[in-house]
Amino acid sequence: MSLHVWISFCALVLLMVSTPGPSVLIGMSHSMRYGPVPTLMTALGDVTANMIQMVIAALGLGAILATSATAFQAVKWGGVAFLLVMGLVAFFRKPAKTGAKNDIETNSASVYEPAKPLRMFSQGFLVAAGNPKAIAFFGALFPQFIDVSQPLLPQLLILGVTFVIFDYTAVMVYASAASRLTPWVTRKGGSRAIGRFSGSVLVVAALLLSLIDAPGSFSAGK
């Protein structure tokens, strides 16, 4: 793979991950509730799902989602339902004890809820896995940057690692920025405002995922 091809791939991926999607939004939601450091596990869950999706695409199984409306819709609406449930639970649940003296405590270390790393990882994983267009995307994108005259595996590894680094960084940049809103939201609306705000973010993520269209191979007739 030439340097020129790799730089072109980097530019495309940067443009793609810079646009907030469901994975970025759950990272923002978790960061506001639990803090940016625990959200590293959310981002790790996201890229883990992405790596599995890349393998599926490389094996050619992504063609199932690219040609079957039923499979595509099943995965998509499963992801939408998962995000909606998480959003509504976050919106209506009572905040966990954080050690803050009162609802207008502005110390960011005290307003975050206790984090459960495995739970955050699994939620990040499931949100990314619930985006069916990712597999179709990897299956369609990677071949455009592959030189068939060169060994396939090293090129797939380069593209995959590059994507994971960009995606992980994007989730954490947005998550870190969102965490700065936590003291302000708490100061304005009390500790329950964080749950309501982060829950609303997840509902928005569900709506964004619901708007994803199936690949053109079978969506053109709709």
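In this text, all values refer to a predicted model and were calculated from it rather than measured experimentally.

Parameters and conventions
Residues numbered from 1 in each chain as written. Predicted model: local features only at pLDDT ≥ 70, side-chain atom pairs only at ≥ 80, totals over all residues. Heavy atoms only, no water. UniProt positions renumbered as here; feature names shortened; annotations may be inferred. Helix = DSSP H or I, 4+ residues; strand = E, 2+ residues; numbered from the N terminus. Expected span 1.5 Å × (residues − 1). Buried < 20%, exposed > 50% of the residue type's maximum accessible area, 1.4 Å probe, protein only. Arc of directions from axis to C-beta. Core = buried A, V, L, I, M, F, W, Y, C linked by side-chain atoms within 4.5 Å. Contact = heavy atoms within 4.5 Å. Phe/Tyr/Trp six-rings, centres within 6.5 Å; stacked < 30°, edge-to-face > 60°. Axes fitted to C-alpha atoms, helices over the stretch in contact; angles between N-to-C directions. Parallel < 35°, antiparallel > 145°, perpendicular 65-115°, else oblique. Left-handed = near helix turned anticlockwise from the far one by under 90°. Nonpolar A, V, L, I, M, F, W, Y, C, P; charged D, E, K, R; others polar.

Re the UniProt feature "transmembrane region" (unreviewed entry) in the chain
No. 1: UniProt records the feature "transmembrane region" (unreviewed entry) for residues 6-26, 47-68, 74-92, 125-146, 152-174 and 194-212 in the present numbering.
No. 2: Between the C-alpha atoms that bound residues 6-26 there is a distance of 29 Å. The span itself is 81% helix and 0% strand.
No. 3: For residues 152-174, helix accounts for 100% and strand for 0%, while the C-alpha atoms at its two ends are 33 Å apart.

Some points on helix 7 (residues 117-129)
No. 1: Between its first and last C-alpha, helix 7 extends 18 Å over 13 residues, near the 18 Å set by a 1.5 Å rise per residue.
No. 2: Every buried residue of helix 7 is listed here: Met120, Gln123, Gly124, Val127 and Ala128. Along the long axis of helix 7, the arc covered by the buried residues comes to 130 degrees, so they all point the same way.

Some remarks on the nonpolar core
No. 1: Phe9, Met54, Phe138, Phe142, Leu159 and Phe163 are the most contacted members of the largest nonpolar core, which totals 17 residues.
No. 2: For this core, the secondary structure elements donating two or more residues are helix 1 (3-17), helix 3 (39-58), helix 8 (133-141) and helix 9 (152-179).
No. 3: If we ignore the near neighbours within four places in the chain, the residues touching Phe138 are Asn50, Gln53, Met54, Ala57, Pro143 and Phe163.
No. 4: Of all hydrophobic cores here, the second largest spans five residues; its members include Val24, Ala43, Val171 and Ala175.

Description of the packing of aromatic side chains
No. 1: Summed over the entire model, instances satisfying the criterion amount to two aromatic pairs.
No. 2: Ring geometry for Phe9 against Phe145: centres 5.2 Å apart, planes inclined by 75 degrees, an arrangement best described as edge-to-face. Residue Phe9 is found in helix 1, and its partner Phe145 is found in the loop between helix 8 and helix 9; the two are separated by 136 residues along the sequence.
No. 3: A relative accessible area of 0% means that Phe9 is categorised as buried.
No. 4: Given a relative accessible area of 13%, Phe145 falls into the buried group.
No. 5: Ring plane angle 20 degrees and centroid distance 6.4 Å describe the contact between Phe121 and Phe125, whose orientation is recorded as stacked. A residue pair is termed a helical-turn pair when its members lie 3 or 4 positions apart in one helix, as Phe121 and Phe125 do in helix 7 at four residues.
No. 6: A relative accessible area of 22% means that Phe121 is categorised as partly exposed.
No. 7: Overall, Phe125 belongs to the partly exposed group, its relative accessible area being 22%.

Remarks on the packing of helix 3 against helix 9
No. 1: Viewed as axis vectors pointing N to C, helix 3 and helix 9 meet at an angle of 150 degrees, and their least axial separation amounts to 9 Å. Taken together, the axis directions place helix 3 and helix 9 in an arrangement best described as roughly antiparallel. Our pair here, helix 3 against helix 9, has a crossing hand that is right-handed. Of helix 9, the residues touching helix 3 (which contributes Thr39, Leu40, Ala43, Leu44, Asp46, Val47, Asn50, Met51, Met54 and Ala58) are Leu156, Gly160, Phe163, Val164, Asp167, Tyr168, Val171, Met172 and Ala175.
No. 2: Residues that form the contact of helix 3 with helix 9 fall into these classes: 14 nonpolar, three polar and two charged.

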